[in-house]
Amino acid sequence: MLLVRHKAKIKKWANVFIPMQQDLERRREELEELYLLEGCFPEAEKLKRGTRLLAQWRHYIQCDGSPDPSVSPEINTFISLWKEETNETLEEVIAKGKLVLNLIEKLKLILLETPPYDLEDKNVIQYQGSILELQELLHLKFNIATEILLRQASTLADLDSGNMEKVIQDENVTLYVWANLKKNPRYRSVRFSETQIGFEIPRILATSDIALRLLHTHYDHVTPLRPVPASLQEHTATVTDFAKEEVKNEEVAISKELQEEGKQRENESNSVHEEETKFEEQGDSEVQMSVVREESEATKGELEMKLLSETVLSDNEVDLCQFTTLGGVYHLDILELPPQCKAMKGWMIVEILKEGLRKYIYPPETIEDVETENAFPPIEVTLEVQENVIFFEDPMVARWDGEGKHWQTDGISNVSYKSEERLLTFSLETFGPVTLIQDTHINMPFQSWELRPLDVNKVLLTVTTVFTEIQIQIKENLCMLASVKLNKKHSSILEGKWMTPVSFICALKEAGLNIFPSGHSHFYVVINYKDPLVEVKAYRQLALLSSAFAFGWSKWNTVCNSKKVIVKLMEHLTEEPIQKPNWTLLMFSGDRAQRLKINENSETFSEALKEETEFHSTLYHMVEDFASKKAMEKIRSSSCQFIDSVCYMLLSTRLLSYS
């Protein structure tokens, strides 16, 4: 009788342990293969580093006279030599400004594209310092050139009005200058070149020696530079190390299991008891680890919220985490008209003021007579909104506070917007830099998304929001805006232009098409929170499969818990979209992948495994069970740069949490 019981225990132990041993062995093999496949990410980093070094070398041998902005002596020499240049006209400053803007753009891209391990703190300080110095010098040059122009205002006066008007339009700036030479008290409506752009000025300005300048820079050099964000490459590199470590951990776990097996064979009498105890302890350990992790996530969220709440904004200050400046900056200035040049015996004589271009203070800082307060009403301004920027709602106006170094919304009234003509009219109490702002998260959360293969190493990412549908093509290490669908007809200058992922994301943000959450976005958007590590693992593995499989948004992703993600998938080997797609649902928890029994049209949610399928440790091995041979060949032959670019775009949009 005892012998029968003993044999039954041994049989029970074998039924439990042997399948577990087989599962662990398969898991180890799958993770090892995944680690080899994900070798494409560090390989892509090597290629990007080589590309950066090659760009530096090409610039060096080009010898075109332009400095390398990353080399301190070169950029400092460029700045010093330009400071020494005098008497430049506005046209000359605008032409030189194109080179300056290009240098600033290069420095910004270096800060964004270079991984942290290749970028020292001293380099970050150097690059940001060079950016600020170039920005300040460029604006100073515009002021000096404006002064030179205004000295000649009397010689450039219009025959009809007797006043001077100058309009310069360029791809980077638009300049409007008006000089009040006649001082006609009835001439209060200033309009430039038969457009609606201009000012309605009060009587006191109409009778003063002043000039009005509207310098619209299509870029923003006023908003302070933000700290360099943690690079996504750093995040993905961390996960690569994690995957490698996970393989090692699995090997250690299996080794321990095999050692236990040997001991249990030697002590068969108590093997089942030891194994059951071990499973219970392991289960308790996993539960404890899960609880600790959840508590740490909760603590982290509380700390973030506390820090955000402690960030005190003054009254009417614009929160730049919640709003974004768009369309550049409108520098509105009332200037004192400098002494005019005079012709004398064949010479032109002009008095040059030591302090240079002076601003006219309006309204005056002190008003002695109370009755004259009404003599300084707000000035009505009409601006044209930049054509290449998309506003999904009427733009809001903000003015720059030079003392507080921030944008704020007070001192602005009677705002009206004509969307068809793209004309914005408002009244301004005091002149200074003005910008237009839009809710950063106006297109978040997303309504749906889809990632579909097009060709070899080429996919189409479609993101649908409340206001628009954005289609992005990703090919090798480049991205392109394929289309933007709006309620009204609109074409973007970005359409058809291939750019690197970082440049592409910056360009979309500047165009008002922001579908890229920041580190603070979850405070302003109701999101479908997912565990960051699970999310990153999912993006990496979706990118690995993207050349042969289409993926899409599933409504069940909002139902499952934060430790799991659910997406639709189907094999897709043609360039054209499939008319009647046969989607299947997959669920992934970071270390376990499965196909679900339910479909998108099911009435209730269930995590039940689909019939005749099994669990796997990775998405790659899960699709391997049912994928065609051609599909697996396409996956294995995908370019590492292509996979890295797809992963970067998925990480940047965070579709699984923000849909």
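Whatever comes next refers back to the structure up there.
Along each chain, numbering runs from 1 in the same order as the chain's sequence is written. With pLDDT at 70 or above as the cut-off, local features in this predicted model cover only qualifying residues; side-chain atom pairs require 80 or more to be listed or tallied, and sums for whole chains, interfaces and linings still use all residues. Heavy atoms throughout the structure, all of them, feed into the side-chain values; hydrogens and water do not.

Let's talk about helix α3 (residues 72–84)
A turn of α-helix holds 3.6 residues, and therefore any two residues three or four places apart point the same way.
Argument step 1. Numbered from the N terminus, helices here are DSSP runs of H or I no shorter than four residues, and strands are runs of E no shorter than two. A helix's residues, less one, multiplied by 1.5 Å, set its expected span. Between its terminal C-alpha atoms α3 stretches 19 Å, which fits the 18 Å expected from 13 residues at 1.5 Å a residue.
Argument step 2. Buried within α3 we find I75, F78, I79 and W82. Viewed along the axis of α3, the buried residues span an arc of 95°, placing them on a single side of the element. The exposed set on the far side of α3, more than 90 degrees from its buried face, consists of P73 and E84. Exposure categories follow from relative accessible area, calculated using a 1.4 Å probe and restricted to protein chains: below 20% of the type maximum is buried, above 50% is exposed, and the middle band is partly exposed. This arc describes the spread of directions from the helix axis toward the C-beta atoms.

Side note on the nonpolar core
Argument step 1. Membership of the largest hydrophobic core comes to 69 residues, with the highest contact counts inside it found for I472, F549 and F551.
Argument step 2. Take this core: its biggest share by element is nine residues, from helix α13 (residues 640–653).
Argument step 3. Discounting residues that sit within four places of it in the chain, F551 has contacts with W449, E450, L451, L542, L545, S546, V567, K568, L569, W583 and L586.
Argument step 4. Here the nonpolar core consists of buried residues drawn from Ala, Val, Leu, Ile, Met, Phe, Trp, Tyr and Cys, with membership extended through side-chain atoms lying within 4.5 Å. Counting 36 residues, the second-largest nonpolar core is a separate cluster that includes I79, V124, L138 and A179. We call two residues in contact whenever any of their non-hydrogen atoms come within 4.5 Å of each other.

A closer look at the packing of aromatic side chains
Argument step 1. Any pair of Phe, Tyr and Trp rings, taking the six-membered ring for Trp, is counted once the centres come within 6.5 Å. Such a pair is stacked with planes under 30 degrees apart, edge-to-face with planes over 60 apart, and tilted for the rest. Counted according to the given criterion, the structure contains 11 aromatic pairs.
Argument step 2. Seen in terms of ring centroids, F78 and W82 are 6.5 Å apart; in terms of plane orientation they differ by 35°. Their pairing is tilted. In this pair, F78 and W82 both sit in helix α3, four residues apart, roughly one turn of the helix. Across the pair, exposure class does not vary: F78 and W82 are buried alike.
Argument step 3. Here F392 and F467 contribute two aromatic rings whose centre-to-centre distance is 5.5 Å and whose plane-to-plane angle is 40°, an arrangement assigned as tilted. You can see F392 sitting in the loop between β9 (379–384) and β10 (396–401) and its partner F467 sitting in the loop between β16 (458–464) and β17 (469–475), a full 75 residues away along the chain.

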